[in-house]
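Report on the structure
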Amino acid sequence: MTVQAFLDQAFLDKVSDKSARIGVIGLGYVGLPLALACLKAGFRVIGYDIDGAKITALTAERSYLPHIPVDGLGAQIAEGDFLATDRIADLGTADAVLICVPTPLTPERDPDLRYVRDTAAALAPVLKPGALVVLESTTYPGTTDEVLRPVLEASGRTVGKDLFLAFAPEREDPGNQNYSIGRIPKVVGGVDEVSGKLAVALYSAVLEKVVPVSSAATAEAVKITENVFRAVNIALVNELKVIYGAMDIDVWEVIEAASTKPFGYMPFYPGPGLGGHCIPIDPFYLAWKARSVGQSTRFIELAGEINRAMPDYVIDRLREAVDRQSGKGLNGADILLIGMAYKKNVADQRESPALTILEKLRSAGAKASFHDPWIPEILPSREFGALAGCKSEALTPERLAAADAVLIVTDHDDVEYGLIAEHARLVVDTRNAMRARDLTGDHIVAA
């Protein structure tokens, strides 16, 4: 038996009897539920993150993500089944390491893969022989083989012989109660046949369904296609909202009626712009990669322009509504935003259009603040550093009555919309949150 075959079989045996130790790098919205799923499947898990506050919280059995409970984690830590650590060397005992790190954009809106490269460089010297490394971070086709592989092999290992490498994109939908990580089919592709086989075996032992594909690049293309599909279709309904608004037609009523067709139509919904880590970013990853092979992405780039223009559209509608109501415009107006998260029922502000709207309202001279039951304070970010530390205000009858306008940006379920309808002088709704709850009136307008 060759060394490679021996390592292959040893890995498969450990997966089969659940003696494999799995490392997860990055304990955020993707990595934490993945680590917990591996634990639930019976594996021992090493959770690594550079953020010491996360390690402290998990060790104390406290979740820093409201929608992801960690009940019982303390007992698993005590029994040695879970280790939360900020020491990369602790991953030296892992049979498989799953990488869930950010893949943002540079200020020039090009792919920023420094977290992938830095993680691989730190991990390579401590990897045990025969370890499987899987990248889960969303990226452009070719990243795993062309970027991650050379960094890992610089330590003297060879992928396909004494190191195995695959891509298995995260497909999380934070806040979606119908599809937890265990129920979402997992797409898996290796940079070679053996790596793909080992990765499929590992995920099959953790999740309900695994979908093997022919290569890591194919798996990368699958994930980016999913998100580009959403970005393009959201851009379409956002453009329709603008067009139908000019015709005095309610786009929400149109979508609701169109959704009754049992074939050939899938509803997407307009909003104040795109948010989250994936959908606003992934089209730029594909556009960058397409340029490198001499191809253009005109359709995708146009969709991006439409979606990025939506905060300005919302502000224009808000300005018009305030003018009609009080004749004072935005300069000096008291505007209360409802929601700072990028989507409802999650504590995630990444790429949220609410940040853009809040900043632009303040630049226009408005006294703009926000209420969000999921985000008590705006966290620091590269693009919106001036907003860091701004705190959510209590939603009271007095605060609502004092505002010149209430702007609904994020439609969290646990907001008292009836209170808003009763006490606000003007409500500008970008999410159809009021009408969806049968709250109507001349002071409630859509944007």
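Residues numbered from 1 in each chain as written. Predicted model: local features only at pLDDT ≥ 70, side-chain atom pairs only at ≥ 80, totals over all residues. Heavy atoms only, no water.

Thoughts on the overall build of the protein chain
Looking only at helices and strands, the protein chain has 14 helices and 13 strands in total. The C-alpha atoms of the protein chain give a radius of gyration of 24 Å, which matches the 22 Å a tight globule of 447 residues would have. Expressed along its principal axes, the backbone C-alpha trace of the protein chain runs to roughly 80 × 50 × 40 Å. Buried positions account for 51% of the 447 residues belonging to the protein chain. Nonlocal contacts in the protein chain, meaning residues at least 24 apart in sequence, comprise 69% of its contacts between residues at least 6 apart. Carbon and sulfur atoms provide 54% of the accessible area of the protein chain, an area that totals close to 19,600 Å². (Helix = DSSP H or I, 4+ residues; strand = E, 2+ residues; numbered from the N terminus. Rg over C-alpha atoms; globule rule 2.2 N^0.38 Å. Buried < 20%, exposed > 50% of the residue type's maximum accessible area, 1.4 Å probe, protein only. Contact = heavy atoms within 4.5 Å. Areas by Shrake-Rupley, 256 points an atom, 1.4 Å probe, with all protein chains shown as cover.)

Considerations on the packing of helix 5 (residues 114–123) against helix 6 (residues 143–153)
Their axes nearest at 8 Å, the elements helix 5 and helix 6 cross at an angle of 20 degrees. As the angle between them shows, helix 5 and helix 6 are arranged roughly parallel. Of the two possible hands of crossing, helix 5 and helix 6 adopt the one that is right-handed. In this structure, helix 5 contributes V116, R117, A120 and A121 to the contact, and helix 6 contributes V147, L148, V151 and L152. Across the contact of helix 5 with helix 6, the residue classes tally to seven nonpolar, no polar and one charged. (Axes fitted to C-alpha atoms, helices over the stretch in contact; angles between N-to-C directions. Parallel < 35°, antiparallel > 145°, perpendicular 65-115°, else oblique. Left-handed = near helix turned anticlockwise from the far one by under 90°. Nonpolar A, V, L, I, M, F, W, Y, C, P; charged D, E, K, R; others polar.)

Topic: the pattern of salt bridges
Summed over all chains, the structure comprises 25 salt bridges. Across the pair R399 and D334 runs a salt bridge, and its minimum N-O distance is 2.8 Å. Here the residue R399 occupies a position in helix 13 (residues 397–402), and D334 occupies one in strand 9 (residues 334–338), the gap between them amounting to 65 residues. On the basis of relative accessibility, which here comes to 14%, the residue R399 falls in the buried class. (Salt bridge = Lys/Arg side-chain N within 4 Å of Asp/Glu carboxyl O.)

Focus on the packing of aromatic side chains
This structure, assessed with the given rule, holds four aromatic pairs. With a centroid separation of 6.3 Å and an interplanar angle of 35 degrees, the aromatic rings of Y140 and Y285 are classed as tilted. Taken as a pair, Y140 in the loop between strand 5 (131–135) and helix 6 and Y285 in helix 10 (residues 282–292) lie far apart in primary sequence, 145 residues in all. Each of the two residues, Y140 as well as Y285, counts as buried. Aromatic pair W252 and Y269: ring centres 6.0 Å apart, planes at 10 degrees, arrangement stacked. Note that W252 is positioned in helix 9 (residues 251–258) and Y269 in the loop between helix 9 and helix 10, a separation of 17 residues in sequence. (Phe/Tyr/Trp six-rings, centres within 6.5 Å; stacked < 30°, edge-to-face > 60°.)

A word on the environment of I99
Within the secondary structure layout, I99 lies in strand 4 (residues 96–99). The class for I99 is buried, based on a relative accessible area of 0%. A C-alpha to C-alpha distance of 17 Å links I99 and G130, two positions 31 residues apart in sequence. Apart from the residues lying within four places of it in its own chain, the contact partners of I99 are I25, T119, L123, V133, V134, L135, E136, S137 and L148.

Overview of the sheet that holds strand 10 (residues 367–371)
Strand order in the open sheet made by the five strands is 10-9-11-12-13, with parallel pairing throughout. Looking at the sheet topology across the chains shown, the edges are occupied by strand 10 and strand 13 (444–446). When strand polarity is set aside, the average angle formed by the axes of neighbouring strands in this sheet is 25 degrees. Two strands pair when backbone bridges link them, and strand 11 (residues 405–408) and strand 12 (residues 427–429) are joined in this way by three bridges, in the parallel orientation. Residue pairing in the sheet places V406 in a bridge with V427 of strand 12. Contacts from helix 11 (residues 298–326) reach strand 9, strand 11, strand 12 and strand 13, with the element oriented near 155 degrees to strand 11. In this fold helix 12 (residues 353–363) packs onto strand 9, strand 10 and strand 11, with an angle of close to 175 degrees to the strand it touches most, strand 9. (Pairing = 2+ DSSP bridges.)

Read these as spatial facts, not as claims about activity.
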